[in-house]
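# Close look at the chain arrangement
Chain by chain, the residues:
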Amino acid sequence: MTFQWPEFLWLAAALPLLAALYVYLLRRRKKFAVRYSNLALLKTAMAGAHWRRHVPPAIVLAALAALIVAIARPSAVMTLPSQHETVILAMDVSGSMRATDVEPNRLVAAQNAAKSFIAQQPDSMRIGIVAFAGTATVAQAPTRNKEDLYTAIDRFQLQRATAIGSAIIVSLATLFPDGGYDVASFSYEKKKPPPPNFKPVPPGSYGSAVIILLTDGQRTTGPDSVQAARLAADRGVRIFTVGVGTIEGKVVGFDGWSMHVRLDEDTLRSIADLTRGEYFYAGNAVDLKKIYQTMSTRLVMETKKTEIGAFFAAAAAVLVLLAALLSLAWFNRVL
């Protein structure tokens, strides 16, 4: 647990002083009691109190301690329901996805895993699908209709080349229609300057949407993948990357062409790191399905650093109420 205002914890130094003041007042009360001539009557009046009279003040002291902690604004890493409303699945449909190192082939395994992922999402979550090869297109705009999503995935057609950067930019354009994201306006080497009045936010800070990028190869065309990832980082959108296939590469044929495809893990890791996402490697269909299940859990329940001062403030209020009730029940007075 960390504190945003740790200097206020010095207020806790007053708690021992309050305890000492309480002890002092008790002793002073005993000295005053000796002045009574009928000590037997006083002892009878005090019978049954004993330790009970110390409980309400002790509870109030604990309430003050909790209140001081609340003032210091504590934060802790907690698992809470996610606030994500939209997920963009950016899926590679390049010719290399026909490779059979992931049974029955990479594309079918990716389609099945994506459908399983969609089925596990709550009905309140909107999901969009971007298919990319040499270009990137919106196969399905964000929707809550799962049947439309399944149909869009079944319509995938293999194409040539791999434009990972284009997939990221089109995904951002889907999330931010007025953001000025257009693949054609981004050069292969330079990042387009941000629109006027745009202020970058901390990476990973946008809690309303995430992008899941699945690919089995290297970028062969389109905008630079890492530069495109920086656009997402400036928007605070996290990108979870999934690498499918063999790291050493594989020779596949497509429309009379023969090519050697190799998974570019370094780039996928860089994309995930820049955007505060995470990289996953899927060497087979089972791994791929487990990865989507893991991401499904993380999107529904998210572990993040959260301010918990309200819990301590509520605890302080409950303790004060408890002390008052006990005092009324035992002594017919409030403290």
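As a reminder, the structure under discussion sits directly above these lines.
Scope of this entry: the structure provided in the associated data block. (Residues numbered from 1 in each chain as written. Predicted model: local features only at pLDDT ≥ 70, side-chain atom pairs only at ≥ 80, totals over all residues. Heavy atoms only, no water.)

### A short note on a nonpolar patch on the surface
- Where nonpolar side chains cluster on the molecular surface, the patch consists of Trp5, Phe8, Leu11, Leu18, Leu21, Tyr24, Leu25, Leu64, Leu67 and Ile71 and spans about 860 Å² of accessible area.
- Broken down by secondary-structure element, the contributors of at least two residues to the nonpolar patch are helix H1 (14-33) and helix H3 (55-71).
- Within the secondary structure layout, leucine 11 lies in the loop between strand E1 (2-3) and H1.
- On the basis of relative accessible area, leucine 11 is assigned to the partly exposed category, the value being 42%. (Patch = residues over 30% accessible without salt bridge, like charges linked within 9 Å, V, L, I, M, F, W, Y side chains within 5 Å. Areas by Shrake-Rupley, 256 points an atom, 1.4 Å probe, with all protein chains shown as cover. Salt bridge = Lys/Arg side-chain N within 4 Å of Asp/Glu carboxyl O. Helix = DSSP H or I, 4+ residues; strand = E, 2+ residues; numbered from the N terminus. Buried < 20%, exposed > 50% of the residue type's maximum accessible area, 1.4 Å probe, protein only.)

### Here's the deal with the packing of helix H4 (residues 106-120) against helix H5 (residues 146-154)
- Running from amino to carboxyl end, H4 crosses H5 at an angle of 170 degrees, the nearest separation of the two axes being 10 Å. Between H4 and H5, the angle falls in the class roughly antiparallel. Together, Gln111, Ala114, Lys115, Ile118 and Ala119 of H4 and Lys146, Leu149, Tyr150, Ile153 and Asp154 of H5 make up the contact between the two elements.
- Counted by class, the contact of H4 with H5 contains six nonpolar, one polar and three charged residues. (Axes fitted to C-alpha atoms, helices over the stretch in contact; angles between N-to-C directions. Parallel < 35°, antiparallel > 145°, perpendicular 65-115°, else oblique. Contact = heavy atoms within 4.5 Å. Nonpolar A, V, L, I, M, F, W, Y, C, P; charged D, E, K, R; others polar.)

### Some words on the environment of aspartate 154
- Looking at the secondary structure, you find aspartate 154 in helix H5.
- It is 7.4 Å that separates the C-alpha atoms of aspartate 154 and glutamine 111, two residues lying 43 residues apart in sequence.
- Aspartate 154 has contacts with Gln111 and Lys115, leaving out every residue within four places of it along the chain.

### Topic: the environment of alanine 313
- Turning to its location among the elements, alanine 313 is positioned in helix H10 (residues 309-331).
- Spatially, the C-alpha atom of alanine 313 lies 9.5 Å from that of leucine 64, the residues being 249 residues apart in sequence.

### Concerning the pairing of strand E5 (residues 136-143)
- Note: strand E4 (residues 126-132) against E5, five bridges, orientation antiparallel. Bridging from a neighbouring strand, phenylalanine 132 pairs with alanine 136 of E5.
- Between the antiparallel neighbours E4 and E5 lie three residues. (Pairing = 2+ DSSP bridges.)

### With respect to the sheet that holds E4
- Ordered by their spatial adjacency, six strands build an open sheet running E5-E4-E3-E6-E7-E10, and the pairing between neighbours is mixed. Of all strands in the sheet, those bounded by a partner on one side alone are E5 and strand E10 (279-282). Strand-to-strand twist in this sheet, taken as the mean axis angle between neighbours without regard to direction, amounts to 15 degrees.
- Summarising the sheet, strand E7 (residues 238-244) and E10 pair through four bridges and their orientation is parallel. Residue valine 244 lies in a different strand from E10, and its bridge partner there is alanine 282.
- Contacts from H5 reach E4 and E5, with the element oriented near 165 degrees to E5.

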